[in-house]
Each structure stands twice: as structure tokens, then as C-alpha cells.
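Residue-level structural notes
This is what each chain is made of:
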Amino acid sequence: MISFRREPATLLNRLTYLWPYLRPHRRKLTLGILAIVAGVLLGLVSPLLVGRAIDAVRRHVSAAELAGYAGMILGFSLVQGIFTYLQRMVLVAMSRDVEFDLRNVYFAALEKQSPAFFHQYPTGDLMARATNDIQAVRMLCGPAIMYSITTVITGLGALLLMARINARLTLIALVTAPLVAGATSLFGRRIHLLFTSVQEKFANVSARVQENLAGVRVVRAYAREAREEEDFGRVNEEYLEGNRRLIAWSVAFHPILQALIGLGFAAVLWYGGLLVIRGRISIGQFVTFQLFLGKLAWPMIALGWVVNLAQRGTASLVRIQKILDAEPAIRDAADPEPATPDQIHGSVRFRSLTFAYHEGDAPVLSDVDLQVAAGQTVAVVGRTGAGKTTLLALIPRLIDPPPGTLTVDGLDVRRMPLARLRSAIGMVPQETFLFSATIRENIALGRPDASLEEVARAARLAGLEQDLAAFPHGLDTVVGERGLTLSGGQKQRVALARALLREPRILLLDDCLSAVDTQTEELILSNLRQVFEGRTVFLVSHRISTVKDADLILVLDHGRIAERGTHGQLIAAGGLYADLHQRQLLEEELAAV
Ligand SMILES: Nc1ncnc2c1ncn2[C@@H]1O[C@H](COP(=O)(O)OP(=O)(O)OP(=O)(O)O)[C@@H](O)[C@H]1O
Ligand SMILES: [Mg+2]
């Protein structure tokens, strides 16, 4: 089962998730914060200077003194500008570093997951987390940190200096503050909810696109284009609709804030004017006060935006963390078997193994008891859905067998180090997967250091020689995405060559020549006979001709081993296998007519 840490509820709690990612960059973070503080403090000096200058003008100041004020203001602004530049350079760069780290750990986390994980999370969803969510976390680390600190320090500094001019005027200026805070919180919550749902809708859109691109052949073959467009239009529309609602709320936010802030200005103009008339404060102080109030307006607006960024960023962080925290269902045991040999021989034993994909479901395999000595070839036949693929997938632990039911070289596979177990196994899955690379790279997937001769030999053993000769660049021919430019049988043989090149102790061939014609298959099988020598081989096929020479043939039926023996024994027994044989002989005869 995939387990999650409990989801932290409040914004502050969610923010604690961020620390592990900021920690490595704490020096940049500190430098950036110092630059912010210095810049903001310097910025608070200008209003004071302007006020002084105005009061000086009233006292008939000399031109030189006035120029002195102007020079000072210019100087402070310049230095402030330098700090602002520094702060952005450092923090924006840091946010990119965090983004880079996060993307790497996210990818690494995905690489560890078992195949079952990807049934739970569709690709589109995982892609959305990798793009939009990581982006939102970056915004949290850069702009959100920058603006929240600017806001707090500007706010506190300006208020302090305003209170020094006149405390009551400051209180009046703040009458609208609770309204601003209320609006910010209301809008913040609403926007956060809408944003989360927009992210989910975006995931649906990407999932659709992704599936359609992967399944392009099926879509064309079944002339599903119009229907798919219609369906896509629908999820896209939902995404748009979600965005519209988000926009409606976030766009209304600014004008409302501005109106509230305007109210504050009006109140100050009225009461501050009175104070000036009564001679309680100078005109210069009045102007300074107004300038500070102006400086407060931006932090108040920014506050809403920062809360917004923080909401989005932390929501995204939780979504990413969910994946990072998902325990890989299949991994190395806490107490790996110390006796695991470096060289696995390849004896495989199933002990009354019963397996179901999900708890409570009917078992797919029941009571499988089987002992295979190292070097034996075991063939598995049986109707479609009988459990052949499942039986094979258990050996490299692509799915986990119940503890103690499956041993390799006498050791429980669940307690062997995964890498060692898997490095001893070569598998050709029923559905091949090729990467968009050259044929050579595809074959050398499990042994990137293999020489050209080794790759060519594997290709020859897999019966690819003639095909390669016909390709424009031979082994260096690039196959399209997922091997789109190869025929089904060619793809299967590239996958076979890939497994052979590893020279594994245990070779699992899951119906891997199903798309190859009988003649070619026979040629490949005669090649393989020398490869099989000394290796443990599990050979799944629907064709009797493929399996008849195996040391042991199993007939699986509804997850049970219904018959076992050599070809001769099973024919003599006259059961399922003999029936199958009879039918295939008949088909062959009919085909020959
Ligand atoms: N990931 C899965 N989750 C749940 N059930 C599964 C899963 N994979 C396979 N099954 C079920 O397990 C049963 C056995 O499937 P399996 O793929 O092992 O059959 P098979 O013998 O290889 O068939 P075929 O000859 O068609 O390849 C089937 O009923 C299938 O529906
Ligand atoms: Mg199968």
C-alpha cells in the first residue's frame, strides 16, 4: 500500500515543508534577506528628507542647502536601488536553485515507484505536478519571500515613523486596515480553493493529451477523432471555466483593496489638514506622513498577493510532497539477506504461492508449487488470462509475491537486494517498450558499456540480421517514439536482443515472438538453444511448436498448474495440452492446403 504523511492543514504548517528545500541555500537566503532589510530601511529615509526640505523651503532656505537635500535623496535612492538589485539577483537565483533541486528529487521519487503506483496516478497528473506545481513552489521561494519581508519591514518602519509624527493621525490612517485584512483573508481563501481546482482540471487536460498522443494509432483506426476532440473540448472547457472563476475573484481583489486604501488617504487628508491648520504638525511633516502612507499602500496590496502566492505555493508543495512521501511499494527489505551471493545461479522455487492483485480479490494464481533447477527451461502455456504474465512478473519482483513463497537460489526474493536480483534476470515483456533512440542504444539498455560486436551478436541471435541490413543506418537507425517506425515483430526482437545482451542467469520470455512468423521463430529458437544452455529460462507461448523442447512444460488454467511434464508425457496424458496440440496440428494442416 502507498502511505502518506498526514496532510498538514494550516498555511504555517504547510510552510514547514519548504524548509528542507531552502536549507541548502540558507546562505543565499540570508544574504537576500539582509539586502531586503537594508533596501527597505534606506527607502524609508526619502520621505523624511522630502519633509525636511519642504519645511526648509518655508524658512527661505538657500539654494545650496536645497541642492544638498536633493543630492541626499538621490544618493539614498541610488544605494537603495543597488540593494534592490542585489536582493532580486540573489533570491530569484535561489528560487531557481530550489526549483532545480525539487525537480530532481521529484524525478528520482518517480523512478523508485513500482508499476502499480502508475495505475494510481495517471501520467497527466504526475506531469502537472512536475510543471505547474513546481512552478508555484518556485514563486513561493522567490517573490513570496521577497514581498512578504518587504511588506513586514516597510509596514512596521513606516508605522513607527508615522506614529512619531502624530499618533492619532496614524490611528485614523489605519481605520481601513481591518477591512483590508478581512478582504485579503476572504479573497485569499476563495482564490486558494479555486486555484486548487484549476490545477486538478489542468491535470485532466494534460492526461487527455498524453493519452491521445500515445494512442494515436487507435484513435485514427477507429475514426475517433471527432469524439476525442469533443471530449477534449469538454475537459478544456472545464479548465477554462475554472480559470474564469479564478480570474473573476482575483481581478476584483485589487480594485476593492484600492478603494479601501483610498478611504484611508481621504481620512488622513481631512484630519492631517486640520492638524496643520492648528499648527500641531508642519507642512513638511504632513507631506512626510502622506508619503509614508503611500509606502504602506503597496505592502497592503502586496500582502494579498503574497498570501495568494503562499496559498498556491504551499498547496503545490503538498501535492509534490505526496509523491515524494509515497513509499515505494516494492523496495529493498529493511533486513536484506546477508547471504545473497554475488553470482546468482538461477534455481527458482515457488512454494504454494497464491497471489491476488488486490486484497480481497479472487486470486490470479493459486497454490503454485514449482521447483526449477538452475539451467532448466520451463515453458508455460495456458489460455489468455490464465496468469502466465503474472507468474513471470513475480520473479524480478515487478509485483511482490507473498513473503516466503518465492525463492531464488533458496533465498526469499523479498529479502534479496533488488538490484542484485534484477541484474541476474533478463526479461522480455509481453508488451515491448522501445525508447526513441537508436536500435543499438535500445539493445544496450541494460549494458550501456557493451561493445558494438556484442550488440551485433545479440541482434543476430534475436534474428534481426536481415532487418538491420535493410535499415538505412543499420544498428544506428533511430526508432521513433516507442519504436513507432518498427514492425511489431521487429520491436519484439529488439527487446529480445536487449535481454540476451545482459547474459542473464534467468531469462524470462513472455510470449516474446508472438508477432513473428513461424519460420522466423524457428530460426530464432534454433539460435536460442545455445543461449539457453546453462541458463534458467521461463518461456511463455501460445504455440506448441515453441515450447515442445522444454525440460518442463506447465499448463496454467485459471491460475493453477493443471498439467506438468515433458511434451511426450503431456501428449500421452491426453489432457488440455494434448487438445491444444491437436488443434494446432489441424490448423497447420488446413493452412497448408
Ligand atoms: N495489474 C493488474 N491488476 C489487476 N488485475 C490484473 C493485473 N494484471 C493482470 N490482471 C488479471 O490477472 C489475470 C491474469 O493475467 P495475466 O496477464 O497473468 O494473464 P496471461 O496468462 O499472461 O494472459 P495472456 O495470455 O493474455 O497474456 C487476468 O484475469 C487479468 O485480468
Ligand atoms: Mg500474458
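Worth saying up front: this structure is predicted, and the values here are computed from it rather than measured. (Residues numbered from 1 in each chain as written. Chains lettered and ligands numbered in written order. Predicted model: local features only at pLDDT ≥ 70, side-chain atom pairs only at ≥ 80, totals over all residues. Heavy atoms only, no water.)

1. Some points on helix H3 (residues 26-43)
In this model H3 runs 25 Å from its N-terminal to its C-terminal C-alpha over 18 residues, within 8% of the 26 Å that 1.5 Å per residue would give. When we look at burial in H3, the residues that qualify are Leu29, Gly32, Ala35, Ile36, Gly39, Val40, Leu42 and Gly43. The arc that holds every buried residue of H3, seen down its axis, measures 160°, which confines them to one face. Seen from the buried face of H3, the exposed residues on the opposite side, beyond 90 degrees, are Arg27 and Leu34. Summarising the contacts, the buried residues of H3 are in contact with helix H2 (19-22), helix H4 (45-58), helix H5 (63-112), helix H7 (123-165) and helix H12 (283-325). (Helix = DSSP H or I, 4+ residues; strand = E, 2+ residues; numbered from the N terminus. Expected span 1.5 Å × (residues − 1). Buried < 20%, exposed > 50% of the residue type's maximum accessible area, 1.4 Å probe, protein only. Arc of directions from axis to C-beta. Contact = heavy atoms within 4.5 Å.)

2. Notes on the coordination of the magnesium ion (ligand 2)
Coordination of the magnesium ion (ligand 2) by the protein comes from Thr389 (OG1) and Gln430 (OE1), over a distance range of 1.9 to 2.2 Å. Here the residue Thr389 occupies a position in helix H13 (residues 388-394), and Gln430 occupies one in the loop between strand E6 (425-428) and helix H15 (439-443), the gap between them amounting to 41 residues. With relative accessibility at 34%, the residue Thr389 sits in the partly exposed group. Assessed through its relative accessible area of 38%, Gln430 is described here as partly exposed. (Donors = N, O, S within 2.8 Å, 3.2 Å for Na, K, Ca; no water.)

3. Remarks on the domain arrangement of the protein
With domains assigned, the protein is organised as domain 1 (14-325), domain 2 (341-424 + 507-593) and domain 3 (432-503). For domain 2 and domain 3, the distance between their C-alpha centres works out to 24 Å. Contacts between the two partners involve 17 residues from domain 2, matched on the other side by 14 residues from domain 3. Here domain 2 packs against domain 3, burying approximately 1,100 Å² in sum over the two surfaces, 62% of which is carbon and sulfur. Summed over the shared surface of domain 2 and domain 3, the result is zero salt bridges. One can count six residue pairs in polar contact (both at pLDDT 80 or more) joining domain 2 with domain 3. (Domains from an automatic or database assignment. Buried area = accessible area lost by both parts, 1.4 Å probe. Salt bridge = Lys/Arg side-chain N within 4 Å of Asp/Glu carboxyl O. Polar contact = N/O pair within 3.5 Å; in protein donor to acceptor, adjacent residues only side chain to side chain.)

4. Topic: the pattern of salt bridges
Summed over all chains, the structure comprises 23 salt bridges. Here Asp231 makes a salt bridge to Arg208, at a shortest N to O gap of 3.6 Å. Placement of the pair is Asp231 in helix H11 (residues 225-277) and Arg208 in helix H9 (residues 177-214), with a sequence separation of 23 residues. Given the relative accessible area of 25%, Arg208 is considered partly exposed. Close ionic contact of Glu228 with Arg224 constitutes a salt bridge, the shortest N to O distance being 2.9 Å.

5. Describing a negative patch on the surface
Together, Glu522, Glu587, Glu588 and Glu589 line one region of the surface with negative charge. Element by element, the count of residues in the negative patch is highest for helix H22 (residues 576-592), at three residues. Among the structural elements, Glu589 can be located in helix H22. (Patch = residues over 30% accessible without salt bridge, like charges linked within 9 Å, V, L, I, M, F, W, Y side chains within 5 Å. Areas by Shrake-Rupley, 256 points an atom, 1.4 Å probe, with all protein chains shown as cover. Lys, Arg positive; Asp, Glu negative; His and termini not counted. Charge placed at Lys NZ, Arg CZ, Asp CG, Glu CD.)

6. What about the side chain of Gln113?
With respect to the secondary-structure elements, Gln113 resides in the loop between H5 and helix H6 (117-120). Note on Gln113: relative accessible area 9%, which makes it buried. Polar contacts involving the side chain of Gln113 include one to the main-chain carbonyl oxygen of Ala326, which spans 2.9 Å.

7. Here we look at the nonpolar core
Ile439, Ile443, Leu496, Leu509 and Leu528 are the most contacted members of the largest nonpolar core, which has 36 residues in total. Elements supplying a minimum of two residues to this core: H15, helix H16 (452-461), helix H18 (488-501), strand E7 (506-510), helix H19 (518-532) and strand E8 (536-540). Here this core spans two domains, since at least three of its residues come from each of domain 2 (341-424 + 507-593) and domain 3 (432-503). The residues touching Leu528, leaving out its near neighbours within four places in the chain, are Leu461, Leu496, Leu500 and Leu509. Among the nonpolar cores identified, the runner-up in size contains 34 residues, and Phe350, Leu421, Ile506 and Leu556 belong to it. (Core = buried A, V, L, I, M, F, W, Y, C linked by side-chain atoms within 4.5 Å.)

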